[in-house]
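Structural overview for review
The primary structure of each chain is shown beneath.
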Amino acid sequence: MDLKGRDLICTQEWSKEALDEVLRLAKAMKADRFGERWTSLLMHKTFLMFFYNPSVRTRLSFEAAMTELGGHAQYLTESAGRFKTATKAGETVEDAAQVMARYAAGIGIRILEDKVPYYGAGDEMIREYAKWADVPVISMAHDKYHPCQGLADMMGWQEWLGEDLKGKNFLLTWASGALARSWSSVQEALLVASRYGMNVTIARPEGYDLDPKVIEWTRSNCELNGASFREIDDSEAGYEGAHVVYSRNWVTPEAYKDGAFNKQGEIEKAMAYTGWTTTAARMAMTDNAIFTHPMPVDRGTEVADEVASGPRSCIYDVAENRLHVQKAIMALTLA
Ligand code: CP
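Residues numbered from 1 in each chain as written. Predicted model: local features only at pLDDT ≥ 70, side-chain atom pairs only at ≥ 80, totals over all residues. Heavy atoms only, no water.

With that out of the way, let us pick up the sheet that holds strand β2 (residues 72-77). Spatial ordering of the open sheet is given by β2-β1-β3-β4, a layout of four strands whose pairing is parallel. Bordering the open sheet on either side are β2 and β4 (137-142), each of which pairs with just one other strand. Recorded for the sheet is a direction-independent mean angle of 15 degrees between the axes of neighbouring strands. In this sheet, strand β3 (residues 106-111) lies alongside strand β1 (residues 46-51) in parallel orientation, the contact comprising five bridges. Pairing of Phe47 across the sheet is with Gly106, part of β3. The strands that helix α2 (residues 57-68) touches are β1, β2, β3 and β4; relative to β1, the one it contacts most, it runs at about 175 degrees. Contacts between helix α4 (residues 121-132) and the sheet are confined to β1, β3 and β4, with β4 contributing the most and set at about 165 degrees to the helix. (Pairing = 2+ DSSP bridges. Helix = DSSP H or I, 4+ residues; strand = E, 2+ residues; numbered from the N terminus. Axes fitted to C-alpha atoms, helices over the stretch in contact; angles between N-to-C directions. Contact = heavy atoms within 4.5 Å.)

In structure tokens form, the structure reads like this:
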């Protein structure tokens with residue numbers, strides 16, 4: 001499959017065959033991590049990473065991925081640039097993207113939460129980069145999607161539960177917490193779970209709906225695969241019979257007001273809810289489910305320590321898989 005030159009902004013925009021190809025290659029790279037067949041694939045090439053928001057896993061795993069493929073990753077933060085905004089003169093994305101593409105074989109962008117004035121502005125910006133850059137642009141998490149995370153999640157779930165996840169029950173549950181998290185990781189998880197035929201349950205309090213477009217895609221992916229889809233506002237019922245439990249805090253659709261991210265307001269709203277934590281007692285209601293989370297985990301709030309660190313937690317495997325899927329994505333799109 002020829003994926004050279006492709007942007008990766010959302011997994012839903014790639015065919016299932018393309019996603020399979022990434023996962024196949026990522027697993028081969030994991031099994032033979034420093035094999036000679038990989039270590040020169042991106043020799044002398046640079047991947048340019050532009051972070052508007054902080055990161056631990058994404059930055060480290062992309063840098064390690066480029067090193068292991070024989071290339072190099074460079075890191076820029078927003079303060080390094082002088083960008084034009086609605087209220088400030090500066091460089092346009094059109095110019096920045098075309099210059100970056102002269103230096104690098106690929107560009108990664110992260111733009112989340114408080115760095116955008118409204119939901120969807122990060123997605124618009126990353127697509128603007130992709131429009132002007134004639135090298136692949138890869139989302140390193142933006143306000144709508146986190147495709148590398150979604151693929152790493154799927155790789156981990158397959159490693160734990162077997163390649164064929166058709167008919168397995170996936171619970172995505174909202175969780176309490178003071179982190180006012182964006183929708184990117186959970187939306188991507190819904191898309192990959194439904195692409196791979198899992199029955200999807202979303203449990204959240206009233207008022208915590210996700211992007212209607214993502215819900216429509218998830219529903220339609222489930223229908224195509226003969227899988228079920230439901231949204232519930234019960235904090236416990238979804239655990240019954242689950243095979244994968246994913247608990248995470250996320251903000252309401254009202255998180256943006258007057259061109260700003262109302263972080264404090266979202267935290268206050270979220271902290272008013274109790275009883276939305278994944279506990280050992282709830283995991284005991286499942287069908288021996290694995291616990292998954294993209295990290296960083298808000299321990300004690302999103303999930304009890306004994307679950308996050310328990311024998312059915314796949315969180316470190318999924319975090320490791322970021323490295324392998326990103327190696328595969330860059331080998332397929334940049335090499
Ligand atoms: N999961 C994830 O993207 O982690 P970071 O925010 O640390 O990069």
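Once the structure has been displayed, the description carries forward.
Turning our attention to the environment of Ala328. Assignment of secondary structure puts Ala328 in helix α11 (residues 315-334). By relative accessible area, which is 0% here, Ala328 ends up buried. Linking Ala328 and Ala28, residues 300 residues apart in sequence, is a C-alpha distance of 9.2 Å. (Buried < 20%, exposed > 50% of the residue type's maximum accessible area, 1.4 Å probe, protein only.)

For the rest of this paragraph, the subject is the domain arrangement of the protein chain. Looking at the assigned domains, one finds that the protein chain contains domain 1 (11-145 + 322-334) and domain 2 (150-318). Distance between the C-alpha centres of domain 1 and domain 2: 24 Å. Contacts between domain 1 and domain 2 engage 29 residues on the former and 30 residues on the latter. Carbon and sulfur atoms make up 58% of the area that domain 1 and domain 2 hide from each other, which totals about 2,600 Å². On the surface where domain 1 and domain 2 come into contact, there are two salt bridges. Glu163 is the salt-bridge partner of Lys27, the closest N and O atoms lying 2.9 Å from each other. Joining domain 1 to domain 2, the criterion identifies 14 residue pairs in polar contact (both at pLDDT 80 or more). Counting residues per element, the ones that place at least two in the side of domain 1 that touches domain 2 are α1 (16-31), β4 and α11. Broken down by element, the side of domain 1 that touches domain 2 gets its largest block of residues, eight residues, from α1. Residues that form the side of domain 1 that touches domain 2 fall into these classes: 14 nonpolar, five polar and 10 charged. (Domains from an automatic or database assignment. Buried area = accessible area lost by both parts, 1.4 Å probe. Salt bridge = Lys/Arg side-chain N within 4 Å of Asp/Glu carboxyl O. Polar contact = N/O pair within 3.5 Å; in protein donor to acceptor, adjacent residues only side chain to side chain. Nonpolar A, V, L, I, M, F, W, Y, C, P; charged D, E, K, R; others polar.)

A word on the packing of helix α5 (residues 147-161) against helix α6 (residues 184-195). At their nearest, the axes of α5 and α6 sit 8 Å apart, and the two run at 50 degrees to each other. Comparing their axes, α6 and α5 come out oblique. In this structure, the crossing between α5 and α6 has a hand that is right-handed. Here α5 contributes Pro147, Gln149, Gly150, Asp153, Met154 and Trp157 to the contact with α6, which in turn contributes Ser185, Glu188, Ala189, Val192 and Ala193. Taken together, the residues that form the contact of α5 with α6 break down as six nonpolar, three polar and two charged. (Parallel < 35°, antiparallel > 145°, perpendicular 65-115°, else oblique. Left-handed = near helix turned anticlockwise from the far one by under 90°.)

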